[in-house]
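The primary structure of each chain is shown beneath.
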Amino acid sequence: MRSTESTASAAVDPSGTGATAGGDGGSTPRSRAPLGRLLASELRLVFLRPRTLVVLGLLAVIPVIMGVALRFTDGPGPPGGPGGPGGPGGGSGLLDMAAGNALVLPVAALMMTLNLLLPLVAAMAGADALAGEHANGTLRGWLLAPVSRGRLLAVKAFGIAVLTVTAASVVALSGVLTALAIGGTDSLLTFSGTTPSLVEVLGRVLLATAWVAVQLWAVGAVALAVSSATEHPLLVVATVLGGVVVFNVLAVLDALDWLHPLLLNVSWPSVVDVLRDPMPLDALGEGVVRAACYLVIGLSLATARLITRDG
């Protein structure tokens, strides 16, 4: 809250000289708040929240738990076997190969956390961005400062984007380091049975992280749209997570296959395509396009609501 108030103060007096807009008998025009200062203040506000640090710490621990647990289970199965990714029980085959594999473990951790925990981070960020500020009474300081509502929304969207990228990166980095500590570079293996170099492994993990971040941007845009319509942050989190759960249920119902192209999460399992050699890009590209549609719709609704709201 203190950080946001200081941001609003900086917006009113960006030069730091103590002269406010209109303070000289109304002859001094109101100057725009420096964008860099607004973005830096928003990032401090986002990353200094205790719950943000707790969630990021939890995300960092999950790949460690997965790697250690899988290390003491049965070894990896054959990539093309019945339990492998290409046959029945592909999810089990993914976990079998994840033990000590610096390529598979981070991608497996990203896929698992993408089902709930990573969307939770995006939902929390979206809830705090507008509804949380409104509930704390600090949103009015933004609106009273020389900051347009469109610019305010852009700053908040930037904070959500950086936080979601950080969350996905924490999962991936923790997975890579855990797998290298357990198996070194000798257990690198793709689903196709090839052995990539460490540089190629890092490139594929980076691609998976970026792809997951785009999906989280879409979730964050929806959360931002809901956040612009309410002043209750918990309602935003409940709505977004409830939507993710409903989408997960709808995605497994074959009777609703006509609806599947409209569901954001129907492409989420395709992140494992980065583990194949050669890498198929059709499903990954489709997932990016679908996420971009949700991103545009969410930001458009948030913009329309924020611009037309009275207070």
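Residues numbered from 1 in each chain as written. Predicted model: local features only at pLDDT ≥ 70, side-chain atom pairs only at ≥ 80, totals over all residues. Heavy atoms only, no water.

**Section: the overall build of the chain**
1) Next: Counting secondary structure elements, the chain contains 11 helices and 0 strands.
2) Next: Ordered by position from the N terminus, the helices and strands of the chain form the series α-α-α-α-α-α-α-α-α-α-α.
3) Next: Considering the chain as a whole, with its 311 residues, one finds that 44% of them fall into the buried category.
4) Next: Across the chain, every contact between residues at least 6 apart in sequence was considered, and the portion connecting residues at least 24 apart equals 76%.
5) Next: On the chain, roughly 14,100 Å² of surface is accessible, and the fraction owed to carbon and sulfur atoms is 69%. (Helix = DSSP H or I, 4+ residues; strand = E, 2+ residues; numbered from the N terminus. Buried < 20%, exposed > 50% of the residue type's maximum accessible area, 1.4 Å probe, protein only. Contact = heavy atoms within 4.5 Å. Areas by Shrake-Rupley, 256 points an atom, 1.4 Å probe, with all protein chains shown as cover.)

**Here's the deal with the environment of V214**
1) Next: Its location among the elements puts V214 in helix α9 (residues 198–227).
2) Next: Taking the C-alpha atoms as reference points, V214 and V289, 75 residues apart in sequence, are found 9.7 Å from one another.

**Overview of the pattern of salt bridges**
1) Next: Inspection of every chain in the model, using the stated rule, returns 7 salt bridges.
2) Next: Here R49 makes a salt bridge to D128, at a shortest N to O gap of 3.8 Å. A residue pair is termed long-range when its members are at least 10 positions apart, and R49 in the loop between α2 (35–47) and α3 (50–71) and D128 in helix α6 (residues 117–136) qualify at 79 residues. There is no split in this pair, since R49 and D128 are both buried.
3) Next: Here R204 and D277 are joined by a salt bridge, their closest N and O atoms 3.6 Å apart. (Salt bridge = Lys/Arg side-chain N within 4 Å of Asp/Glu carboxyl O.)

**Description of the environment of A60**
1) Next: Structurally, A60 is set in helix α3.
2) Next: We classify A60 as partly exposed; its relative accessible area is 26%.
3) Next: Residues A60 and L173 lie 113 residues apart in sequence; the distance between their C-alpha atoms is 8.2 Å.

**Notes on the nonpolar core**
1) Next: Membership of the largest hydrophobic core comes to 69 residues, with the highest contact counts inside it found for L59, L94, L110, L118, V212 and L275.
2) Next: Where this core is concerned, the elements lending two or more residues are α3, α4 (90–98), α5 (104–113), α6, α8 (149–183), α9, α10 (233–251) and α11 (282–308).
3) Next: Per element, the largest residue contribution to this core is 11 residues, and it comes from α9. (Core = buried A, V, L, I, M, F, W, Y, C linked by side-chain atoms within 4.5 Å.)

**Quick word on α10**
1) Next: Between the first and last C-alpha of α10 there are 27 Å, a value that for 19 residues agrees with the 27 Å anticipated at 1.5 Å per step.
2) Next: The set of residues buried in α10 consists of V236, V237, V240, L241, V244 and L250. (Expected span 1.5 Å × (residues − 1).)

**Topic: the packing of α8 against α11**
1) Next: For the pair α8 and α11, the least separation of the axes is 9 Å and the interaxial angle reads 140°. Looking at the two axes, α8 sits oblique to α11. As for the relative orientation of α8 and α11, their crossing is right-handed in sense. Residue-level inspection shows R149, L152, L153 and A157 of α8 in contact with α11, the latter providing L299, A302, T303, L306 and I307.
2) Next: A per-class count over the contact of α8 with α11 returns 7 nonpolar, 1 polar and 1 charged. (Axes fitted to C-alpha atoms, helices over the stretch in contact; angles between N-to-C directions. Parallel < 35°, antiparallel > 145°, perpendicular 65-115°, else oblique. Left-handed = near helix turned anticlockwise from the far one by under 90°. Nonpolar A, V, L, I, M, F, W, Y, C, P; charged D, E, K, R; others polar.)

**Concerning a nonpolar patch on the surface**
1) Next: A cluster of nonpolar residues, L116, V245, V249, V252 and L253, forms a patch on the protein surface that exposes about 420 Å² of accessible area.
2) Next: In this structure, V249 sits in helix α10. (Patch = residues over 30% accessible without salt bridge, like charges linked within 9 Å, V, L, I, M, F, W, Y side chains within 5 Å.)

**Topic: α8**
1) Next: Taking 1.5 Å per residue, 35 residues should reach 51 Å; α8 reaches 51 Å between its end C-alpha atoms and fits that length.
2) Next: In the stretch just after α8, G184 is the one whose phi turns positive, near 65°.

**Points about unusual backbone geometry**
1) Next: D277 connects to P278 through a cis peptide bond whose omega is 5°.
2) Next: Along the polypeptide, P278 turns up in the loop between α10 and α11.

**Remarks on the confidence of the model for the chain**
1) Next: The share of residues in the chain with pLDDT of 70 or more is 78%, and the mean pLDDT across the chain is 82.
2) Next: α9 holds the highest mean pLDDT among the elements of the chain, 95, whereas helix α1 (residues 2–12) holds the lowest, 43.
3) Next: pLDDT under 50 marks residues 75–90. Its contacts with residues more than four places away, or in other chains, come to 28 contacts. (pLDDT = per-residue confidence, 0-100.)

**Brief notes about the packing of α3 against α8**
1) Next: Running from N to C, α3 and α8 cross one another at 30°; their axes reach a closest spacing of 9 Å. The orientation of α3 relative to α8 falls into the category roughly parallel. By crossing handedness, the relation of α3 to α8 is classed as right-handed. Across from T52, L56, L59, A60, P63, V64, G67, V68 and R71 in α3, the residues of α8 making contact are L163, T166, A167, V170, V171, S174, G175, T178 and I182.
2) Next: Grouping the amino acids of the contact of α3 with α8 by side-chain chemistry returns 11 nonpolar, 6 polar and 1 charged.

**A short note on the environment of E200**
1) Next: Residue placement: E200 occurs in helix α9.
2) Next: In this structure, the C-alpha to C-alpha distance between E200 and L103, residues 97 residues apart in sequence, is 9.2 Å.

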